[in-house]
Amino acid sequence: MSRLPPSIALGLLWIISLQARTWTDTQGRTLEADYLSATTSEVSLRRSDGRTFALQLSLLSSADREFVTRQIEAAATAAAAATAKPARDFQELNELLGFDLLVDDILWDDPVPEVAARLHLPLEGKTDRFEGYRGYPRKPVSILGADARMLALQAEQGHVTTLTIQFANRGDYPAFQHRDSPFPPDKDELKEFDNALNRDFETISTALTAKLGEPKRETSVGGLDPGRRSLHWEWGSHALLVSHDEAQMVSLKIIPAERAATARLSDDQVRKMFKERINRRPNGDVILDQIPMVNQGPKGYCVPATFERYLRYAGIPADMYELAACGGTDFGGGTSFDNMARSLDRFVRRQGRHLEKVSPKFTTIGLAKYIDEGRPIIWGLYSTRLFNRLTDENTEVRNTAKPGLFTPKSVLTPTLLAELQPDLATGHACLIIGYNRTTNEIAISDSWGPRFQERWVPVAAAQKITQDQYWVLAW
């Protein structure tokens, strides 16, 4: 037989001991009766002869009404205590996950760098508003019984917003990573990958269900793929979302359980926000600030990673893995700009924006039209080894120039310019984020980590290896 906790039992005894009493009405008349129960308008009593009846509280003395109020409050407290779930130790979630995510009951008020340090995640990029940390383990890390192949921590305005863990997925799966071949995976590889997806999803779901109970089932997360299987658990203020995209990936996201939906910004608000991010430097540089960094890792996810950065810059939540899934990214990488934009169109339009393919004149004046509005440009290019060497050297010369020297000598020589040629095997996407008319340079930002946030290259060199693919966010 179950027993009540001592605190609840004592409370009930206290209520019982006060049941029999003398009741007085507003006219001074008295009645001996036992207290049975009460609502906010009447009290139920029982006389010594066993007869029960109800009296309107408004007919009783103020002392009796106060007594009834105390009984209602005590009963409510006892009932709540009897049904309340015991407080959970935050170490339970740490033990379930297999790593130290929490130091108390709530993750969302922890300093972001401290959370990243606990997870051993290196800095991906940081601006005044955005902060990201991401790690690609050399060897898979076992989490919830499955091999985790990527962990990413995102924060906005100093608060953690999302922890994403990727398990089996097209980009980081060993059989497809570094794949640089026009030939698709064979049947055996596809079968093994499909088995890995199902195995990871079942293993993770079983582990979470065993500790957190049955999940809620959802049909979509993020609004990009309505066919996704997704399960939802909650632990305190933390929601755990496990998703399985068929033939694509299995992921776990930990987000605030009551995270408010992102407010849709008006056109005027977007224009104002973009304008505020334009930085005009004394040396003539015009550069866009506050663009979040995403490190695509060793896979060919440059297109989805670049689109994620642009969307998040505009206040639209995005994840490169989900973008890759909806945009038809090949195994290991490789995405058509047109396919990506077409797949994202409905999602972006729900945010009041749309993606526009543009054809600017590839000069500082032609590109300035968009940069001067605070809009980065998604650029398709051939990222050859020679082009990257030139860009790195040119950026280094700029960074080491003496103060006041606004036109450092360009590293681009006629011989080097003649050697720059497109290479179809090096297709790439990045962001154009700035220009300098005096030096005839543009600033680009690659999705490869903090070192590649801002690199400068002469326009003449960039013109040699462009794919003539340019996309912007429009309204």
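A short tour of the structure in this document, coming up. (Residues numbered from 1 in each chain as written. Predicted model: local features only at pLDDT ≥ 70, side-chain atom pairs only at ≥ 80, totals over all residues. Heavy atoms only, no water.)

### A look at the environment of Val 397
Within the fold, Val 397 resides in helix α11 (residues 385–399). A relative accessible area of 28% means that Val 397 is categorised as partly exposed. Val 397 sits 13 residues away from Ser 410 along the chain, and the two C-alpha atoms are 8.0 Å apart. (Helix = DSSP H or I, 4+ residues; strand = E, 2+ residues; numbered from the N terminus. Buried < 20%, exposed > 50% of the residue type's maximum accessible area, 1.4 Å probe, protein only.)

### Notes on helix α8 (residues 320–327)
Along α8, eight of the eight residues are buried, which leaves the element largely enclosed by surrounding structure. When α8 is considered as a whole, its buried residues turn out to be Met 320, Tyr 321, Glu 322, Leu 323, Ala 324, Ala 325, Cys 326 and Gly 327. The residue sitting at the N-terminus of α8 and contributing the capping side-chain oxygen is Asp 319; that oxygen lies 2.8 Å from the backbone nitrogen of Tyr 321. (Polar contact = N/O pair within 3.5 Å; in protein donor to acceptor, adjacent residues only side chain to side chain.)

### Describing the packing of aromatic side chains
For the structure shown, the criterion picks out 15 aromatic pairs. With a centroid separation of 5.3 Å and an interplanar angle of 75°, the aromatic rings of Phe 176 and Phe 193 are classed as edge-to-face. Placement of the pair is Phe 176 in the loop between β10 (159–169) and α5 (187–212) and Phe 193 in helix α5, with a sequence separation of 17 residues. Each member of the pair, Phe 176 as well as Phe 193, is classed as buried. Judged by centre distance (6.5 Å) and plane angle (80°), the rings of Trp 379 and Phe 387 are edge-to-face. Ring pairs connect the aromatic residues Tyr 173, Phe 176, Phe 193 and Phe 331, which therefore count as one cluster. In this structure, Arg 21 is placed above the aromatic ring of Phe 67, and the distance from its NZ or CZ to the ring centre is 4.3 Å. (Phe/Tyr/Trp six-rings, centres within 6.5 Å; stacked < 30°, edge-to-face > 60°. Lys NZ or Arg CZ within 6 Å of the ring centre and 35° of its normal.)

### Looking at the pairing of strand β21 (residues 455–458)
Neither face of β21 is exposed, since Arg 455 and Val 457 on one face and Trp 456 and Pro 458 on the opposite face are all buried. Bridge count for strand β20 (residues 441–445) against β21 is four bridges, and the pairing is antiparallel. For Ala 443, the partnering residue across the bridge sits in β21 and is Trp 456. (Pairing = 2+ DSSP bridges.)

### Section: the pattern of salt bridges
Under the defined criterion, the tally for this structure stands at 26 salt bridges. Of the charged contacts in the structure, one is a salt bridge between Asp 25 and Arg 29, with a shortest N-O distance of 2.8 Å. A residue is classified by how much of its surface remains accessible, and Arg 29, at 53% relative accessible area, is exposed. Linking Arg 312 and Glu 308 is a salt bridge whose minimum nitrogen-to-oxygen distance equals 3.2 Å. Placement of both Arg 312 and Glu 308 in helix α7 (residues 302–313) is noted, with a separation of four residues, approximately one turn of the helix. Among the residues examined, Glu 308 registers a relative accessible area of 1% and is labelled buried. Connected through shared salt-bridge partners, Arg 281, Asp 285, Arg 398, Glu 441 and Glu 454 make up one network. (Salt bridge = Lys/Arg side-chain N within 4 Å of Asp/Glu carboxyl O.)

### Remarks on the nonpolar core
Phe 307, Leu 311, Leu 344, Trp 379 and Ile 442 are the most contacted members of the largest nonpolar core, which totals 62 residues. Within the second largest apolar cluster, 45 residues are counted, among which are Leu 102, Leu 163, Ala 168 and Ile 204. (Core = buried A, V, L, I, M, F, W, Y, C linked by side-chain atoms within 4.5 Å.)

### Details of the side chain of Thr 127
Structurally, Thr 127 is set in the loop between β5 (123–126) and β6 (130–135). Among the polar contacts made by the side chain of Thr 127, one reaches the side chain of Gln 290 at a distance of 3.0 Å. When residues no more than four places from it in sequence are discounted, the contact partners of Thr 127 are Gln 290 and Ile 291. (Contact = heavy atoms within 4.5 Å.)

### Notes on the pairing of β6
Judged by how many residues are buried, β6 sits mostly within the fold: six of six residues are covered. The two faces of β6 match: Phe 130, Gly 132 and Arg 134 on one face and Glu 131, Tyr 133 and Gly 135 on the other face are all buried. Across three bridges, the pairing between β5 and β6 is antiparallel. By the bridge assignment, Gly 125 is partnered in β6 with Gly 132. Counted between consecutive antiparallel strands, the loop separating β5 from β6 contains three residues. Bridge analysis of β6 against strand β9 (residues 150–156) gives six bridges, and the strand direction is antiparallel. Across the sheet, residue Glu 131 finds its bridge partner in β9, namely Ala 155.

### Here's the deal with α11
Over its 15 residues, α11 runs 21 Å from end to end, which matches the ideal 21 Å to within 8%, given 1.5 Å per residue. Turning to α11, its buried residues are Leu 386, Phe 387, Asn 388, Leu 390, Thr 391, Asn 394, Thr 395 and Arg 398. If you follow the buried residues of α11, they end up packed against β18 (377–382), α12 (414–419), β19 (427–436), β20, β21 and α13 (459–464). (Expected span 1.5 Å × (residues − 1).)

### Points about the sheet that holds β10
Across the sheet, eight strands lie side by side as β5-β6-β9-β10-β14-β13-β12-β11; this open sheet has antiparallel pairing. The two strands at the open ends of the sheet, each matched to only one other strand, are β5 and β11 (216–218). The sheet shows a mean angle of 20° between the axes of neighbouring strands, taken without regard to direction. Relative to strand β13 (residues 238–245), strand β12 (residues 229–235) runs antiparallel, the two sharing seven bridges. What sits directly across from Leu 231, in β13, is Val 242. (Axes fitted to C-alpha atoms, helices over the stretch in contact; angles between N-to-C directions.)

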